[in-house]
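Notes for the structure review
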Protein chains: 4
Amino acid sequence: MTNLDGQTQPSPVDDILHLFNRTRSQTLKLSAPLSAEDMGLQSMEDASPPKWHLAHTTWFFEEFILKPSLPGYQPIDDRFAQLFNSYYVQAGPRHTRSKRGLLSRPSAEDVMNYRNHVEDAVRHGLMTDAFDLDEPKLEELITLGCHHEMQHQELLVTDLLHAFSYNPLLPAYCEPKPLPVTPARDLSWASFDGGLLQIGHAGDGFAYDCEGPRHKVWLNPYRLANRPVSNGEWIAFMEDGGYETQTLWLMEGWAVKEQNAWDTPLYWWKQDGEWWTYTLQGPRPVDPSAPVVHVSYYEADAFARWAGHRLPSEAEWEAAAEPTAIDGNFLDTGVLLPTGQKDSLWGDVWQWTSSAFSPYPGFKPPEGAIGEYNGKFMVNQMVLRGGSCATPKLQMRASYRTFFYPHQRWQMLGLRLAADQ
Amino acid sequence: MTNLDGQTQPSPVDDILHLFNRTRSQTLKLSAPLSAEDMGLQSMEDASPPKWHLAHTTWFFEEFILKPSLPGYQPIDDRFAQLFNSYYVQAGPRHTRSKRGLLSRPSAEDVMNYRNHVEDAVRHGLMTDAFDLDEPKLEELITLGCHHEMQHQELLVTDLLHAFSYNPLLPAYCEPKPLPVTPARDLSWASFDGGLLQIGHAGDGFAYDCEGPRHKVWLNPYRLANRPVSNGEWIAFMEDGGYETQTLWLMEGWAVKEQNAWDTPLYWWKQDGEWWTYTLQGPRPVDPSAPVVHVSYYEADAFARWAGHRLPSEAEWEAAAEPTAIDGNFLDTGVLLPTGQKDSLWGDVWQWTSSAFSPYPGFKPPEGAIGEYNGKFMVNQMVLRGGSCATPKLQMRASYRTFFYPHQRWQMLGLRLAADQ
Amino acid sequence: MTNLDGQTQPSPVDDILHLFNRTRSQTLKLSAPLSAEDMGLQSMEDASPPKWHLAHTTWFFEEFILKPSLPGYQPIDDRFAQLFNSYYVQAGPRHTRSKRGLLSRPSAEDVMNYRNHVEDAVRHGLMTDAFDLDEPKLEELITLGCHHEMQHQELLVTDLLHAFSYNPLLPAYCEPKPLPVTPARDLSWASFDGGLLQIGHAGDGFAYDCEGPRHKVWLNPYRLANRPVSNGEWIAFMEDGGYETQTLWLMEGWAVKEQNAWDTPLYWWKQDGEWWTYTLQGPRPVDPSAPVVHVSYYEADAFARWAGHRLPSEAEWEAAAEPTAIDGNFLDTGVLLPTGQKDSLWGDVWQWTSSAFSPYPGFKPPEGAIGEYNGKFMVNQMVLRGGSCATPKLQMRASYRTFFYPHQRWQMLGLRLAADQ
Amino acid sequence: MTNLDGQTQPSPVDDILHLFNRTRSQTLKLSAPLSAEDMGLQSMEDASPPKWHLAHTTWFFEEFILKPSLPGYQPIDDRFAQLFNSYYVQAGPRHTRSKRGLLSRPSAEDVMNYRNHVEDAVRHGLMTDAFDLDEPKLEELITLGCHHEMQHQELLVTDLLHAFSYNPLLPAYCEPKPLPVTPARDLSWASFDGGLLQIGHAGDGFAYDCEGPRHKVWLNPYRLANRPVSNGEWIAFMEDGGYETQTLWLMEGWAVKEQNAWDTPLYWWKQDGEWWTYTLQGPRPVDPSAPVVHVSYYEADAFARWAGHRLPSEAEWEAAAEPTAIDGNFLDTGVLLPTGQKDSLWGDVWQWTSSAFSPYPGFKPPEGAIGEYNGKFMVNQMVLRGGSCATPKLQMRASYRTFFYPHQRWQMLGLRLAADQ
């Protein structure tokens, strides 16, 4: 397409192709440091092997785009439909989730061939108008597939960290690099007026179903901390007996903590009197100025109570973040650690909110298997906001809601304090 | 106290004494049909023996009123402090919750003596000004103790039903009586405008901490069904494969259902082609017109999806209920079954809402052990509204929030449908 | 019956009636100190409520003697057949074992009436020749019923001790009495030649099926300690790090110990620097000279290894015991504690052997439900010998085999050392 | 070494070197069909990844021979000592058993290098007299290491079968080959006189500690079936309701069966009306004439009861097998399936005996870590005899005892019937 002044301007197809190419190659880049053996590791039911992430994100394009909409498309292997479905009931039977780590076959190489096969077909479809679907719907589905794959990019590295943590050799996923010294910054507060506001996604860009509909909420005036809670503050909490003081904890949080004998964030240990932690860069001393990461909701809630403050609601966070630039330490920096270099509502660590993951007023999941994307998880999970050092920046929006169970810790989960005015 | 025209008018002390006497005697009345052996039954960790409810509600008065505020008060047995504390960390150590059914000693008779001992002291304190506490605070604590005891009245009968259900003799707690024939009523809808409203407790009467602060919420226009979902409708759901259709269920709900092999509400079985259920009146045929009861949140949510509607939020329910009279089938009727005799937002069965049990904006638990009452349960539980046939009517308010885990079914739990306008 | 010289001589019926009366009244005597509430306690699936023992032993006579053999016998309540069957598949359905503690009804009083009803019928049958069965078979069955009831007498008190141990009041089942001071006796050894011997029951008296057939075994020369291992020796094991030294333990024993955090026998605790233990006489200081009790097979085996010796096989024990008088501290002394007053192979504590509970060569269980008595337990359990302070003396024989899982501790279980010559 | 008539005769070193080379190369041959990804699979705690078997058998030589006895030996990686220790407490800390499948690093290639490194050192030591140990002891240890490795060869293939069984693709470990048609043979019986016999290892050859001391046992006359129980007989058992008839089962066996919903041997399913099974050759129709395999002790015991016979004791089996040639279908045939081609007491499937795995009279484990080899497993396991199609023939002896828990099925476990005369 050529515009009036003679310059080529990207068509929607160029846009979507660009997004597709960029997303797919980013996934490959993330799996580059992994051996075929690393690619098969699954350390718990909540996590999946890298190879499975690579295949499942590919399956998504095959199942929801190629099979229904590309005439003449031939799957590379019919059995992959079952092996790489995650939880889409309407897309047929699935392999048992907890047994994904036992799929030594298809091999990593087979999965790479599967990726190429599907990618070629998508590109072919896009570049030749071969798709049997009107373009906006198609574009929407491919965009969804790319955002879906970005979510799995984050899971790929965090699941791997979890699996590696069971290896006494504590391998480094990426080369340890000298990190910038994080300045120790005092906690300060930004104030917000609240009132009758709107949150939730609106507008043309991509968003998940659960981010809408945009809707009115009333907020009392509130404050948010300028930065996430730091490791140094967390150590103060530990040294003040935070993990042993039952009155700071939710009843259920205390029980979970006791049962699991938690007395530090996940991946911490003491060595010669100093705190160490295991990261994607391998073992490192805990940096007191960096944001604390790998804490559960129960711990975050107890910390906030100990600090005399509270967690923000998701509406408070979103209302504050909406006007700001999405600026922070995301997956794209390649650091893969929270560093806490500057004040921002974004990046470094996901921030637990006090909000349960519930449908917004008027929420209706789309028809078909795609409608299973978020809606069926809406019980017993808590919302987190802001993205982390393992989140692709492109994925972030003020309205983006991620959600985990209150006991989960293996993602890059931290917290930011809030307070009433 | 005599007023100007010579008539006796109740003083605050008379009021509180009246509430106290009424509450305490109501508890005794509820335990009257029970043998000493019935009094010790505990069928699961979530439930407690009748005897324990009788003692624990007494302990509450002893621990929070008599010990701190009645000079010279002598406990009948110092060891009861530990035996009958439930979960108040700040009130000292507690007996293991799951082992309450093993307390054959103190005997039921000992517990009755304990009740009398504490009641006499409370009455003595009130009638002689012996309390070492200013009156409003004292009145507040005794009122709290009475409402606390009313909650345990409900638990006493529902816990007993659960324990009795393991006895193949299926004993009747109370004499079976001929029930009024419930008219089959069509489902109809009441419409509400929503807008910027206030919910939460305000005013002088008693309320729990978690019912406030009163605060603004925005509601879109909505509708509520005229009555709870009936057994007949539930049977239609079952016959339509509701329990076998995974797409109707939350992911977690489906897993819990599968694991427990649920395919009916709790206490149902089929006998000679007819549905029967076990109740406090013993085994009874399921009445298709009466409200369904003993369903989990997962089931309620799946039913609502099947019916093409949804559960109300707690704000929707409260805004609708606030202007209406508290009129329904409560514990006071003595029927102890949901009967569905008339349209009302109140009574018969607790109604699951779509709202997680969270703190209201600005919520702060009171200082001290009393502050553990509700706040520490604010995760992973769902709010129910409206009271049931096992709830003392006096306990009900539009702002009253009860809460249970989404998998729990042994309380009198049902549902009412809601819809967007 | 009068013999030739004019003296009355007991007939077989008199004998069996005597045994029946004596056994039944002994059970009542054991339950006399219990309240109706105590009678219902069940603390784990392995244990049963006292009331259930009272009813089940009665059911045995009703099911296997009265129903098949007393014409016109009318059960007091048809539903008891199911409620009080333990594990006899061929005798019809059974109430769930782990829920026996929830049978508040029938009441203790109902159970006493049941006992009387069945006892009257048995006595009537015996005294009037009303039984529809030839006498030797009948006598055999009633004898079996009495021995069965004696086994439950032991379980009644040991199960009760376990249930009471969850009550922080630690009630005494019987009045604490001053115990004779046990002399500290050095360990000495008796030597046995072994050779080709016979073990197993032979002769006319009563024995369980699993005690036969009598059969040949070869034994190498061996030695047995003069007395069971004492508390003092056990404390030495503990102080020497016995519970922390993995090489002393069976692989599985170590795992069980770790999982349960065992570091003493069951029911021990330290108080002001001294070891205490909970007994049927209530809490008592540990007597260093008395036999250790409430230890698992795993612990007994580890102790023996630590001591440089081993446990005896059941054949070694039986060959040594057969010629000796059954003389020791049994249930009949009423002490209900191991005291270790004198050297004997009998009484005080059951002695773990190194023998798995297996069928003797040629073993065949009898036909019918009675055949389920022992045979179906012959896997994964270990044999113990010698009887304990909770065993009726009348029940003991040199060939008597009891058996428990290696992890169980709630019975009166101890050990005696053995060695090769 | 040259003997008098000029011929070279193998020295002990040649013998041991030959055994070592043969064993090590056989392991490599078994792992040849596996990809690097297959090499890491672990499907349950009882099983280990192929790669781990390769490394652990190497560690055994390094830990017990090279480190103590080869002056100047340098480990290739000090961390392997911990990673590849299985359960030898005295050999230092161990990696968590259930997490062996998470060791993507060291890679399969690293493990092969480790094997070469250790093999070179052992060979160097043997061929140059560099070992710091007198020869008989050394020879004994290397022989033990080779037999240990043979045990792991069997585990390698059976563990792999288990892991592969979770892969919906059901991969074949080795190429499916046309199997000889097994003749259907009638069951016949061989009779044995019994009497006072000796069993247990005696003589010069290698044996495990638990096979001795040789000792006297008395056996009544008995009979053994000419062949193991066949699939056809097992199907008859299934069709006769064997899995649904509680009276055939041990109490504990029934409970395990119910809990796991067993109604066939492991790896069986029905397809178009025919029984299929998963094998190392991939999916195959069940051959009615071949021995049944992958049944637990509980099932074997129930089958024997159903058939009106019993399992043999290990002494009965050994006494019968001792005079016979070790002739049967072992690992060396490469078939890797039980085929039942001829009558033999050996091979095809391990045969459950009625004997618990206990120490023989006079058994004493050797000093040091090697002493942990068998002794610490002597509780709750049952002995099997005869070797299977996955057992190296060289490993077999009449006195060889293997042992598994009664619930385990993943090994090549079957049964042979026995009877009294």
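Residues numbered from 1 in each chain as written. Chains lettered and ligands numbered in written order. Predicted model: local features only at pLDDT ≥ 70, side-chain atom pairs only at ≥ 80, totals over all residues. Heavy atoms only, no water.

Under the annotation held in an unreviewed UniProt entry, chain A carries the name Ergothioneine biosynthesis protein EgtB and is attributed to Roseibium porphyridii. Of the comments in the UniProt record for chain A, the one headed Pathway (unreviewed entry) reads "Amino-acid biosynthesis; ergothioneine biosynthesis." (UniProt positions renumbered as here; feature names shortened; annotations may be inferred.)

1. Observations concerning the relation of the copies chain D and chain A
Related by rotation about an axis and a shift along that axis, the two copies of the chain form a pair. Between the two copies, chain D and chain A, the superposition gives an RMSD of 0.0 Å; the rotation angle is 180 degrees and the shift along the axis is 0.0 Å. As the rotation angle and translation indicate, the two copies are arranged about a two-fold axis. Rotation axis and chain D: the residue whose C-alpha lies nearest the axis is Glu37(D), separated from it by 2.6 Å. A high fraction, 100%, of the interface residues of chain D reappear at the interface in chain A, so the copies pair face to face through one surface. (Least-squares fit on C-alpha atoms with pLDDT ≥ 70 in both. Contact = heavy atoms within 4.5 Å.)

2. Re the arrangement of the chains
Regarding chain A and chain C, which are not in contact, the minimum distance between any of their C-alpha atoms is 13 Å. The two units chain B and chain D remain apart, with a minimum C-alpha distance of 13 Å.

3. Some details on the interface of chain D and chain C
Every contact between the two is made by 32 residues of chain D and, on the other side, 32 residues of chain C. The junction of chain D with chain C conceals about 2600 Å² of combined surface from both sides, 60% of it contributed by carbon and sulfur atoms. Across the chain D-chain C interface, the total number found is 1 salt bridge. The interface formed by chain D and chain C holds 6 residue pairs in polar contact (both at pLDDT 80 or more) in total. Elements supplying a minimum of two residues to the side of chain D that touches chain C: strand E3 (215-219), helix H7 (251-260), helix H8 (297-306) and strand E8 (350-356) of chain D. The class makeup of the residues in the side of chain D that touches chain C is 16 nonpolar, 9 polar and 7 charged. (Buried area = accessible area lost by both parts, 1.4 Å probe. Salt bridge = Lys/Arg side-chain N within 4 Å of Asp/Glu carboxyl O. Polar contact = N/O pair within 3.5 Å; in protein donor to acceptor, adjacent residues only side chain to side chain. Helix = DSSP H or I, 4+ residues; strand = E, 2+ residues; numbered from the N terminus. Nonpolar A, V, L, I, M, F, W, Y, C, P; charged D, E, K, R; others polar.)

4. Side note on the state of the cysteines
All names here are of chain A. Evaluated as defined, the whole model comprises 0 disulfides over all chains. Between Cys 174, a cysteine without a disulfide, and Cys 389, which holds the nearest cysteine sulfur, the sulfur-to-sulfur distance is 10 Å. The class of Cys 174 is buried, set by a relative accessible area of 13%. (Disulfide = S-S within 2.5 Å. Buried < 20%, exposed > 50% of the residue type's maximum accessible area, 1.4 Å probe, protein only.)

5. Structural notes on the UniProt feature "domain: Sulfatase-modifying factor enzyme-like" (unreviewed entry) in chain A
All names here are of chain A. The UniProt record marks residues 192-321 and 345-418 with the feature "domain: Sulfatase-modifying factor enzyme-like" (unreviewed entry), using the residue numbering of this structure. In the segment residues 192-321, helix accounts for 28% and strand for 22%; the C-alpha atoms at its two ends are 11 Å apart. Annotated as 0% helix and 23% strand, the span residues 345-418 places its first and last C-alpha atoms 12 Å apart.

6. So, the interface of chain D and chain A
The interface of chain D with chain A comprises 28 residues on the first partner and 28 residues on the second. Contact between chain D and chain A buries roughly 2500 Å² in total, counting both sides, with carbon and sulfur atoms accounting for 59%. The three residues of chain D that bury the most area against chain A are Glu37(D), Leu102(D) and Arg105(D), which together make up 30% of that side's buried surface. With a shortest N-O distance of 3.4 Å, Lys51(D) and Glu37(A) are connected by a salt bridge. The interface formed by chain D and chain A contains 10 residue pairs in polar contact (both at pLDDT 80 or more). Here the residues of the side of chain D that touches chain A sort into 15 nonpolar, 7 polar and 6 charged.

7. Quick word on the sheet that holds strand E8 (residues 350-356) of chain B
Residues and elements named next belong to chain B. Taking strand neighbours across the sheet as the criterion, the 4 strands line up as E10-E9-E8-E11 in an open arrangement whose pairing is mixed. If you trace the sheet from one side to the other, it starts and ends with strand E10 (402-404) and strand E11 (413-414), each paired once. Note that E8 and strand E9 (residues 382-385) share 3 bridges and pair antiparallel. Across the sheet, residue Ala 356 finds its bridge partner in E9, namely Met 382. (Pairing = 2+ DSSP bridges.)

8. Here we look at the pairing of strand E7 (residues 282-285) of chain D
All names here are of chain D. As paired elements, strand E6 (residues 274-279) and E7 share 4 bridges and run antiparallel to each other. By the bridge assignment, Trp 276 is partnered in E7 with Pro 285. Count of turn residues in the E6/E7 antiparallel hairpin: 2 residues.

9. A look at the environment of Ser354(D)
In this fold, Ser354(D) is placed in strand E8. Note: C-alpha distance between Ser354(D) and Ser313(D) (41 residues apart in sequence) is 5.0 Å. Leaving out residues up to four positions away in the same chain, Ser354(D) has contacts with Ser358(C), Tyr297(D), Leu311(D), Pro312(D), Ser313(D) and Met382(D).

10. Let's talk about the sheet that holds strand E10 (residues 402-404) of chain D
All names here are of chain D. Pairing is mixed across the open sheet formed by 4 strands, whose spatial order is E10-E9-E8-E11. This sheet does not close on itself; its edge strands, each paired only once, are E10 and strand E11 (413-414). Here E8 pairs with E11 via 2 bridges, running parallel. Note on E11: the bridge partner recorded for Gln 351 is Gly 414.

11. What about the relation of the copies chain D and chain C?
The transform that puts chain D on chain C rotates by 180 degrees and translates by 0.0 Å along the axis, for an RMSD of 0.0 Å. The fraction of interface residues of chain D whose copies in chain C are also interface residues reaches 100%, indicating that both copies meet through the same surface.

12. A word on the pairing of strand E6 (residues 274-279) of chain C
Residues and elements named next belong to chain C. Pairing geometry for strand E5 (residues 268-271) and E6, over 4 bridges, is antiparallel. Bridged to Trp 269 within E6 is Trp 276. Linking E5 to E6, which pair antiparallel, is a turn of 2 residues; within it Asp 272 sits at a positive phi near 50 degrees.

13. Quick word on the confidence of the model for chain A
Across chain A, pLDDT averages 93, with 98% of residues at or above 70. Prediction confidence for the complex, expressed as pTM and ipTM, is 0.94 and 0.94 respectively. (pLDDT = per-residue confidence, 0-100.)

14. As for the pattern of salt bridges
Counted under the stated rule, the structure contains 95 salt bridges over all chains. Between Arg385(C) and Glu318(C) there is a salt bridge; the shortest N-O distance is 2.8 Å. You can see Arg385(C) sitting in strand E9 (residues 382-385) and its partner Glu318(C) sitting in helix H9 (residues 314-321), a full 67 residues away along the chain. The pair formed by Arg385(C) and Glu318(C) is uniform in burial state, with each residue classed as buried. With a shortest N-O distance of 3.9 Å, Asp420(D) and Lys364(C) are connected by a salt bridge. Within this pair, whereas Asp420(D) is found in strand E12 (residues 418-420), its partner Lys364(C) is found in the loop between strand E8 (350-356) and E9, the two belonging to separate chains.

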